[in-house]
Amino acid sequence: MRLVLASDHAGFELKQRLLPWLAEQGHAVTDLGTHGPESVDYPDFGRALGQAVASGAAERGIALCGSGIGIAIAANRIAGCRCARVAEPLSAALARQHNDANAIALGARLIGDDMARACITAFLATDFEGGRHQRRVDKLGNTEGSAQ
């Protein structure tokens, strides 16, 4: 699978540990930065990830910041990116199964390497269920805010 990873400074170390693991799993991985521990602004990296996923340059995205919240908000500002902040494998699987999430965000200060890997594994292994969930996902793309 074609993946993109992006992080701010708080997620940098975890991202560096995940990159080789994902490559070992056979994924084509693009690192969108940051490329060091110096302080940066998470919206810049969340936006880059959102654009890569929404454009189809990547099939899925993995975003990391201290809590996972800020970078998820930034990624979701890009139309076509559906980034779910997850903390355990069930939420990662449900984000795919029910919400057709094409990106997840992890809080590097809140979870360890093993839990991050478990979340990513569930996210990548789960298919979108479609059916009744499709109309709800379609409404997520409605920028007018209508409840049609």
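Up top is the structure these notes are about.
Residues numbered from 1 in each chain as written. Predicted model: local features only at pLDDT ≥ 70, side-chain atom pairs only at ≥ 80, totals over all residues. Heavy atoms only, no water.

A. Highlighting unusual backbone geometry. For the bond running from Gly33 to Thr34, omega is 0°, close enough to zero to count as cis. Counting through the fold element by element, Thr34 comes out in the loop between strand 2 (28-31) and helix 2 (42-55). Positive phi outside glycine occurs at Asp100, with the angle close to 50°. Structurally, the position occupied by Asp100 is in the loop between helix 4 (89-99) and strand 5 (103-107). (Helix = DSSP H or I, 4+ residues; strand = E, 2+ residues; numbered from the N terminus.)

B. Structural view of the nonpolar core. One finds Leu18, Leu22, Ile62, Leu106 and Ile120 to be the most contacted residues of the largest nonpolar core, which totals 25 residues. Elements with a minimum of two residues in this core: strand 1 (2-7), helix 1 (12-24), strand 3 (60-65), helix 4, strand 5 and helix 5 (113-125). At six residues, helix 5 tops the list of elements feeding residues into this core. If sequence neighbours within four positions are ignored, Leu22 has contacts with Leu3, Leu5, His27, Val29, Ile62, Ile120 and Leu124. Of all hydrophobic cores here, the second largest spans 17 residues; its members include Leu49, Ala58, Ile71 and Cys81. (Core = buried A, V, L, I, M, F, W, Y, C linked by side-chain atoms within 4.5 Å. Buried < 20%, exposed > 50% of the residue type's maximum accessible area, 1.4 Å probe, protein only. Contact = heavy atoms within 4.5 Å.)

C. The pairing of strand 5, seen in detail. Burial analysis of strand 5 places five of its five residues in the buried class, which makes it a mostly covered element. With five bridges connecting them, strand 3 and strand 5 associate as parallel partners. Paired with Gly61 across the bridge in strand 5 is Ala103. Crossover handedness for the path strand 4 (residues 83-85) to helix 4 to strand 5: right-handed. (Pairing = 2+ DSSP bridges. Right-handed = clockwise from strand over helix to strand, strands pointing away.)

D. Examining the pairing of strand 2 more closely. As judged from the four bridges shared by strand 1 and strand 2, these two strands associate in the parallel manner. Paired with Leu3 across the strands is Val29, a residue of strand 2. Read from strand 1 through helix 1 to strand 2, the crossover connection turns out right-handed.

E. Quick peek at the sheet that holds strand 3. Strand order in this open sheet of five strands is 2-1-3-5-4, and the pairing throughout is parallel. Each edge of the sheet is formed by a strand with only one pairing partner; in this case those strands are strand 2 and strand 4. The sheet shows a mean angle of 20° between the axes of neighbouring strands, taken without regard to direction. Where helix 1 meets the sheet, its contacts fall on strand 1, strand 2 and strand 3, and the angle it forms with strand 1 comes to roughly 165°. Strand contacts of helix 2: strand 1, strand 3 and strand 5, with the helix running at about 170° to strand 1, the strand carrying the most contacts. (Axes fitted to C-alpha atoms, helices over the stretch in contact; angles between N-to-C directions.)

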